[in-house]
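# Observations on the model geometry
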Amino acid sequence: MIDVNVSISGVIMCCDESLCEIVLGRGYSIEKCDLDTLSFKDKITDGRGLLDTDYFGSRIIEDEKVSFICIKKEEVIQIEGPSFSTNKRIITDQDCMCEDELTQYMDKEMEYLNERINLLRLFKSGNVGFRDVFFQYSFTVMNFINNTINHCSHNQTRNTIANNLFLLNESEIVLCNKWLNDYCNEPYKLLKNSVDEFSWGLEQVDVPTGFEQYTTALEMTLLPQNQPGKKQMLANRISALLGSTPTDIQQFHQKVLDFYRFRSESLHEGNGSNITALELQELENITREVLKKCLVRCKVEHDSNTNITWNEIKNKIMNDLIAQVDSLKNSGVLPT
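### Description of the pattern of salt bridges
Across all of its chains, the model carries 25 salt bridges by this definition. The closest approach of N and O atoms between Arg-121 and Glu-203, which form a salt bridge, is 3.0 Å. Of this pair, Arg-121 sits in helix H2 (residues 99-123) while Glu-203 sits in helix H4 (residues 186-203); the two residues are 82 residues apart in sequence, bridging distant segments of the chain. Note that Lys-230 is salt-bridged to Glu-219, the shortest N-O span being 3.7 Å. Here Glu-219 lies in helix H5 (residues 207-222) and Lys-230 lies in helix H6 (residues 230-242), a separation of eleven residues in the sequence. With a relative accessible area of 11%, Glu-219 lands in the buried category. Three or more residues joined by partner-sharing salt bridges are found here, namely Arg-26, Lys-73, Glu-75 and Glu-109.

### Here's the deal with the pairing of strand S1 (residues 2-11)
Summarising burial for S1: seven of the ten residues are buried, a large majority. The pairing of S1 with strand S4 (residues 65-79) spans ten bridges and is antiparallel. Directly across from Ser-7, in S4, lies its bridge partner Glu-74. By the bridge criterion, six bridges tie S1 to strand S5 (residues 132-141) in an arrangement that is antiparallel. Bridged to Asn-5 within S5 is Ser-138.

Cut-off values and rules
- Residues numbered from 1 in each chain as written.
- Predicted model: local features only at pLDDT ≥ 70, side-chain atom pairs only at ≥ 80, totals over all residues.
- Heavy atoms only, no water.
- Salt bridge = Lys/Arg side-chain N within 4 Å of Asp/Glu carboxyl O.
- Helix = DSSP H or I, 4+ residues; strand = E, 2+ residues; numbered from the N terminus.
- Buried < 20%, exposed > 50% of the residue type's maximum accessible area, 1.4 Å probe, protein only.
- Pairing = 2+ DSSP bridges.

Have a look at this one:
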């Protein structure tokens with residue numbers, strides 16, 4: 001086995017110092033760092049030292065100094081290292097770089113980090129996330145070959161245009177840390193496909209495309225596959241799930257019907273004029289609240305049965321909503 005010294009760093013985009021109070025776990029810390037002190041400064045600036053424009057919206061500027069909120073982690077891991085057959089006469093540089101094992105490690109770390117980012121995105125609105133995460137590995141092979149390997153996880157689809165920051169007040173910091181702790185791992189994995197679809201919507205620069213992704217996330221979560229009459233059924237179920245008063249329920253119902261019409265005009269007629277930034281934000285918030293309620297349900301169900309699947313939980317959610325919708329129809333709150 002070979003010991004590898006690992007250093008992980010990167011900018012958490014579109015947030016402020018309040019995120020420094022968030023506990024990511026797994027050895028990660030969140031710190032406010034001056035641009036000039038960043039170990040990866042040369043990777044986010046050009047040859048003249050000018051900052052990549054993708055990072056402009058994430059700058060914290062104080063007294064003409066630029067800083068960012070960054071993740072940091074350092075640890076020592078062990079890898080198998082290169083395997084040399086007895087009949088191999090030439091050992092290449094590639095043999096000693098251990099790229100496969102290091103890439104596997106990076107992929108697992110990014111899976112963990114993306115889960116935490118997605119949970120933050122569910123907790124509250126804000127264009128929080130990563131553009132680049134930098135990995136540096138230092139290790140020695142065969143007791144005399146010293147390697148320093150650099151990897152970068154680059155999010156090509158990252159939305160660098162949206163300027164809404166992820167901000168937490170003191171009470172939200174406590175709640176957010178509890179949220180991350182309570183709903184990570186198994187509850188998250190149960191709802192992961194829907195959350196990924198929602199997060200993909202947040203990454204979109206094009207407004208109608210983001211609108212489409214949110215709608216798909218809602219359909220995936222609350223409707224059977226290949227369900228006819230999606231519009232009315234989804235409007236019924238969302239309004240029953242989110243509405244707290246008859247007026248709330250009716251307003252959610254009409255809003256979802258309107259959103260379906262906007263989506264249809266955009267998708268089938270190429271007319272996205274009704275989908276403004278306001279409508280996109282409203283649908284984002286609706287999708288977020290639906291997914292949060294479903295994630296809470298996933299935890300409850302998993303706590304009572306660790307072998308339960310998402311399909312089983314989804315069926316329970318849908319059956320509950322069918323009963324609620326029938327009751328609301330019988331009382332005249334929803335149309336029959």
